[in-house]
Amino acid sequence: MTRLYNHKTAAHPHGNAAEPERGWLLGVLRDLGFLALIVLAIALVVSFLMLPVARAQAKPELRIGFQKAASIFVLQKAQGSLEKRLAPQGVSVKWVEFPAGPQMLEGLNVGAIDVGYVGEAPPIFAQAAGAKFVYIGYDPASPEAEALVVPKGSPIRSVAELKGKKVALNKGSNVHYLLVKVLEKHGLKYSDIQPIFLAPADARAAFEKGAVDAWAIWDPFLAAAEKQIGARVLADGKGVVNNYLYYLAERGFAEKHPKVIQALFDDLTASGSWVTANRKQAAAAIAPLQGLDVDIVETSLRRYPLGVKPVTPDVIAEQQKLADVFFSLKLIPKAIAVRDAAWTAGQ
């Protein structure tokens with residue numbers, strides 16, 4: 001019987017052996033790839049689950065926003081008194097400087113700081129913008145620590161003469177409300193003047209060059225302008241505004257760390273009592289930190305009574321007056337209820 005010749009078999013007596021081997025290798029590699037993905041996924045899940053634990057184990061930190069003008073915080077920072085007080089709780093302190101209150105409230109809102117110290121107006125603007133903070137304390141009224149001033153040689157002798165004039169101020173700061181109320185007291189509307197919004201340093205420069213006719217400013221910038229360039233006070237806040245100073249905190253931080261807030265208040269009370277009893281010595285210690293003469297700092301300290309207290313319904317009611325005025329003038333986009341941002345320990 002004739003045998004058929006199969007050239008493929010003759011050439012490859014075992015068929016195509018390379019194909020099964022290649023398939024087996026690809027299968028192994030595929031299985032290893034799946035295994036690697038599974039291991040990576042497990043690692044990611046474990047890392048995610050462990051993140052809160054890692055955060056909890058991280059050293060707690062109190063981040064304080066302050067202005068160089070805030071003498072009490074400047075002193076605490078230099079002396080390290082708060083760090084010592086918080087050491088038993090294992091809490092460190094980080095100080096973050098801001099040029100003024102509105103900028104500080106922005107920092108609080110974006111989570112850059114936990115606590116801040118500002119004048120009356122910044123919290124109103126911040127709450128209207130949706131910032132999440134609470135009032136945790138306040139210092140006594142200091143109406144003489146802010147004023148409306150004119151240059152030494154200015155012909156302007158009364159607030160009424162400011163009609164149509166340029167007035168420099170830091171938008172959304174405590175002097176914003178002062179300006180509104182002082183104008184009102186002297187028969188003028190806010191719309192009767194030209195507000196020029198400038199930070200303190202820029203406002204001082206514009207004031208000295210004569211680019212503005214008047215300047216609404218607070219201490220120690222006020223005392224510095226009076227003593228260094230002879231700025232003349234047209235009106236201060238006495239009999240017009242309270243000029244409370246407020247301690248604010250990110251709501252979540254205040255609720256989670258009431259003991260840290262209490263330690264801060266205890267240290268503020270101790271530092272404030274020392275400053276009040278030793279004003280000259282305190283001024284000498286603070287002056288080089290603020291870059292000011294001792295007599296300027298001493299004048300500023302005299303105008304700012306110290307003594308932090310928890311916010312009260314009466315204080316919140318006074319703050320609500322600011323909010324209502326700013327809303328009526330369309331300086332804030334919506335009406336707000338200040339009481340929504342009030343906080344007491346243990347709530």
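Note that the structure is a prediction, hence the values are computed from the model and not measured. (Residues numbered from 1 in each chain as written. Predicted model: local features only at pLDDT ≥ 70, side-chain atom pairs only at ≥ 80, totals over all residues. Heavy atoms only, no water.)

### Topic: the confidence of the model for the protein chain
- The predicted model of the protein chain has a mean per-residue pLDDT of 87, with 82% of residues at 70 or higher.
- Below pLDDT 50 for its whole length, residues 1–15 participates in 1 contact with residues either more than four positions away or in separate chains.
- Predicted confidence for residues 51–57 stays below pLDDT 50, and this span has 0 contacts to residues more than four positions away or in other chains. (pLDDT = per-residue confidence, 0-100. Contact = heavy atoms within 4.5 Å.)

### Focus on the sheet that holds strand β5 (residues 146–150)
- An order of β7-β6-β8-β5-β9 is seen for the 5 strands of this open sheet, with the pairing classed as mixed. Both outer strands of the open sheet, β7 (194–197) and β9 (232–236), are each paired with one neighbouring strand and no more. The sheet shows a mean angle of 30° between the axes of neighbouring strands, taken without regard to direction.
- Looking at chain direction, β5 and strand β8 (residues 214–218) are connected through 4 bridges and run antiparallel. Within β8, the residue paired with V149 across the bridge is W215.
- Against the sheet, helix α7 (residues 174–185) engages β5, β6 (166–169), β7, β8 and β9, with an angle of about 65° to β5. (Pairing = 2+ DSSP bridges. Helix = DSSP H or I, 4+ residues; strand = E, 2+ residues; numbered from the N terminus. Axes fitted to C-alpha atoms, helices over the stretch in contact; angles between N-to-C directions.)

### What to know about helix α13 (residues 294–303)
- Buried residues dominate α13, accounting for 7 of its 10 residues.
- Residues of α13 that are buried include every one of I296, V297, E298, T299, S300, L301 and R303, and no others.
- Each element contacted by the buried residues of α13 is listed here: α3 (71–79), α9 (221–229), α11 (258–277) and α12 (279–290). (Buried < 20%, exposed > 50% of the residue type's maximum accessible area, 1.4 Å probe, protein only.)

### Some remarks on unusual backbone geometry
- Residue D219 is joined to P220 through a cis peptide bond whose omega torsion reads 5°.
- Among the structural elements, P220 can be located in the loop between β8 and α9.
- Even without a glycine there, the phi angle at N243 is positive, about 55°.
- On the secondary structure map, N243 appears in the loop between β9 and β10 (245–250).
- For K330, which is not glycine, the phi torsion reads 60° and is therefore positive.

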